[in-house]
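# Structural description and commentary
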Amino acid sequence: MIEIRNLSIDLGEFSLKNINLTIGDREYFVILGPTGAGKTIIIECIAGLHRIKQGEIWIDGNNATRLAPEERCTGYVPQDYVLFPFLNVADNIAFGLRQAKYPKTQTVEKVKSLSNLMGISHLLNRDTRSLSGGEKQRVALARALALSPKVLLLDEPLSSLDLQTSKYLRMELRRIHKELGVATLHITHNQMEAEEVADRIGILNMGKLEQVGKPDEVFFHPENEIVSDFIGAPNILNCDSCRTIGHGIAEVTCDGMCIILPHDGGRIQKIALFPRDIYISDVQPPGPQVNRFKGTITNIKSSGATARIEVRVSGNTLQTEMPRDIFEDMDLTVGKEAFLILKLRRIRTFEGKNSQ
Amino acid sequence: MSVFQVSKGVRKERVFKMATMSALAFLTLFFITILLAMVAYTDGDTMISTLISEEVLFAIKLSLITATIATIISIVVAIPVAYAISKTEFPGKDIVDTLLDLPIVISPIALGAALLVFFNTPPGRGIENHIMRFVFEVPGIVLAQFTVISALAVRLLKSTFDGIDTRYEQVGRTLGCSKLRVFFRVTLPLARNGVIASCILTWAKAMGEFGATVTLVGATPFKTETLPIAIFLSLATANVEKAVAVIFVLIIIAAVALLAIRRITGRRYPI
């Protein structure tokens, strides 16, 4: 368990202001915030890389505020992984074990079991400089986990990966976390990444923790304007009815709009969808008409590289968003009819108190 | 525009390339001419007989021994000094940094004279009388070489440490290493190529050191006669053949050192 009490630190360019946070024993906690919010400093403070003058950090019930990094039992995976280039993959993973003077046979076994867990057992003799981004991430993770840390600290672990690898590794991170059950603090600026992996999310802005909660709570009930602005003001629709129409599929009605979505839980009270996840067209798209709606454009705001279009559909007003250059090529004006397609996989659901 | 005509931009590009290549050719030819002049001044038999003469062999041996000792001492001292300047913030760092650069820009003769003056002060005389004699003695050669090359070693090693991302050390610490251990297990392995290159360069510089050495220990044949002093003594006695032979020894040593550095720095880690 990690407990941060009244932590404040000023490093000039970045700072933290009175951070209070508790992360549970088997919890996967994500700190989400824009670049420059101070996310990395939190992780570095927990790892012991900054001298703390105000506040305390407790790890596993012990006050770690004044402990050196090597005395804290944390597993740290920095951004870009920072693998030792003078060691091969196996030696990178074994590095901590050798410093702790583990017996050779135990070291070999631990390296083997961790490389199996990470799916990198075929890479053990490879030079780390020849690895792909995804492989480096797994090696860095195995190295951090070798000493069975009480806390795993992941600093933007997926930011330097391509989209496909990043998506796959999000699932892998969850799987590894589930298998090992180590308290994990993961920081990112990517909202989708945060929602996919987190048990709870903390929104950090300008060094201040603005809101902490389950992804759904933060998403559907932003506590202030900063959080609301950061998560991007989604379209939130209240559901009048909800029924299961097949295995893992539900149909909800929101003020005259009948929407089909993947869902396994209880009654859906609200659904939400970001403006960027609603396609808009000036002509009726071909194909089945599931989650496709005709409406009337009520407002258009065009600023910078983005155009925001409000469309009235039944009793709802939906905001859509598209690149400005594409918008200018389309025949979309206020008062005209437009066709909307909702991205099925991007629809988020909220079940009230029993939300998942 | 016909196929044989070229645009103004292409013409300017050619003029620029010609100008830089001409400068390169001039400088290369300048050094080749000097080398050829020395080759023309001597013949193979004279060269070999000079090289195996007792005096030249003594100079080679003395230079190898003193330069190696001075290099070892300067690298051992320069590693922590360079690390401290590179990675630690402290008040007056700029002043200390500038002070450590002074021996690079000050004339070696001035450095040798400063050492000579120091050994004429009470603390200097105390060292001479009770610890070790340096003035006009072989340890003085090592001291003079150390004074000249240590600043160079610090500068070279500092740039190596500057190039090492601090996060490697931070990761090492979270993996159980103390600050000292992380220095030996992470920082030094990362700096290995830089350290080797610094050793070679400072050693080559020590081999060629003359100004500080001759001022502190004089030029006594078969006593303080290093290779550069051997050249000086040969020219002083108008024995140009001997001077040329010793110059060739120094050129070969420098060429081998530079080649080795090129090989080593070509295999640097991407840090």
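Conventions used here
Residues numbered from 1 in each chain as written. Chains lettered and ligands numbered in written order. Predicted model: local features only at pLDDT ≥ 70, side-chain atom pairs only at ≥ 80, totals over all residues. Heavy atoms only, no water. Helix = DSSP H or I, 4+ residues; strand = E, 2+ residues; numbered from the N terminus. Buried < 20%, exposed > 50% of the residue type's maximum accessible area, 1.4 Å probe, protein only. Polar contact = N/O pair within 3.5 Å; in protein donor to acceptor, adjacent residues only side chain to side chain. Contact = heavy atoms within 4.5 Å. Disulfide = S-S within 2.5 Å. Domains from an automatic or database assignment. Buried area = accessible area lost by both parts, 1.4 Å probe. Patch = residues over 30% accessible without salt bridge, like charges linked within 9 Å, V, L, I, M, F, W, Y side chains within 5 Å. Areas by Shrake-Rupley, 256 points an atom, 1.4 Å probe, with all protein chains shown as cover. Salt bridge = Lys/Arg side-chain N within 4 Å of Asp/Glu carboxyl O. Phe/Tyr/Trp six-rings, centres within 6.5 Å; stacked < 30°, edge-to-face > 60°. Lys NZ or Arg CZ within 6 Å of the ring centre and 35° of its normal.

This part takes up the environment of Leu173(A). Structurally, Leu173(A) is set in helix α5 (residues 163-180). Along the sequence, Leu173(A) and Met118(A) sit 55 residues apart, while their C-alpha atoms lie 9.5 Å from each other.

Looking now at the side chain of His177(A). Residues and elements named next belong to chain A. The residue His 177 is located in helix α5 in this model. By relative accessible area, which is 7% here, His 177 ends up buried. Only 3.2 Å separates the side chain of His 177 from the backbone oxygen of Val 182, close enough to count as a polar contact. Discounting chain neighbours no more than four positions away, the residues touching His 177 are Arg 26, Glu 27, Tyr 28, Val 182, Thr 184 and Asp 199.

With that settled, consider the state of the cysteines. Residues and elements named next belong to chain A. Evaluated as defined, the whole model comprises 0 disulfides over all chains. Sulfur of Cys 45: no disulfide; nearest cysteine sulfur belongs to Cys 73 and is 18 Å away. Judged by its relative accessible area of 0%, Cys 45 is buried.

Looking now at the domain arrangement of chain A. Residue and element names in this part refer to chain A. The domain architecture assigned to chain A consists of domain 1 (2-231) and domain 2 (237-350). The C-alpha centroid of domain 2 is placed 36 Å from the C-alpha centroid of domain 1. Domain 1 puts 9 residues into the contact, and the matching count from domain 2 is 8 residues. By the criterion of area lost to domain 2, the three top residues of domain 1 are Met 192, Phe 219 and Phe 220, representing 58% of everything that side buries.

This paragraph deals with a nonpolar patch on the surface. Residue and element names in this part refer to chain B. Taken together, the side chains of Phe 26, Leu 27, Phe 30, Phe 31 and Ile 34 make up a nonpolar region of the molecular surface, amounting to roughly 520 Å² of accessible area. Note on placement: Phe 26 falls in helix α1 (residues 8-41). Judged by relative accessible area, which is 57%, Phe 26 ranks as exposed.

What follows covers the packing of aromatic side chains. Tallied over the entire structure, the rule returns 14 aromatic pairs over all chains. An angle of 20 degrees between the planes, with centres 5.7 Å apart, marks the rings of Phe84(A) and Phe86(A) as stacked. Ring centres of Tyr83(B) and Phe161(B) lie 5.5 Å apart, and the angle between their planes is 85 degrees; this geometry places the pair in the edge-to-face category. Pair noted here: Tyr83(B) is in helix α3 (residues 54-87) and Phe161(B) is in helix α7 (residues 138-162), with a separation of 78 residues, a long-range link. Each member of the pair, Tyr83(B) together with Phe161(B), is buried. In textbook terms, an aromatic cluster arises when at least three aromatic residues are bridged by ring pairs, as seen for Phe84(A), Phe86(A), Phe95(A) and Tyr168(B). Over the face of the ring belonging to Phe84(A) we find Arg143(A), whose NZ or CZ atom lies 4.8 Å from the ring centre. Sitting over the ring of Phe274(A), Arg276(A) keeps its end group 4.4 Å from the ring centre.

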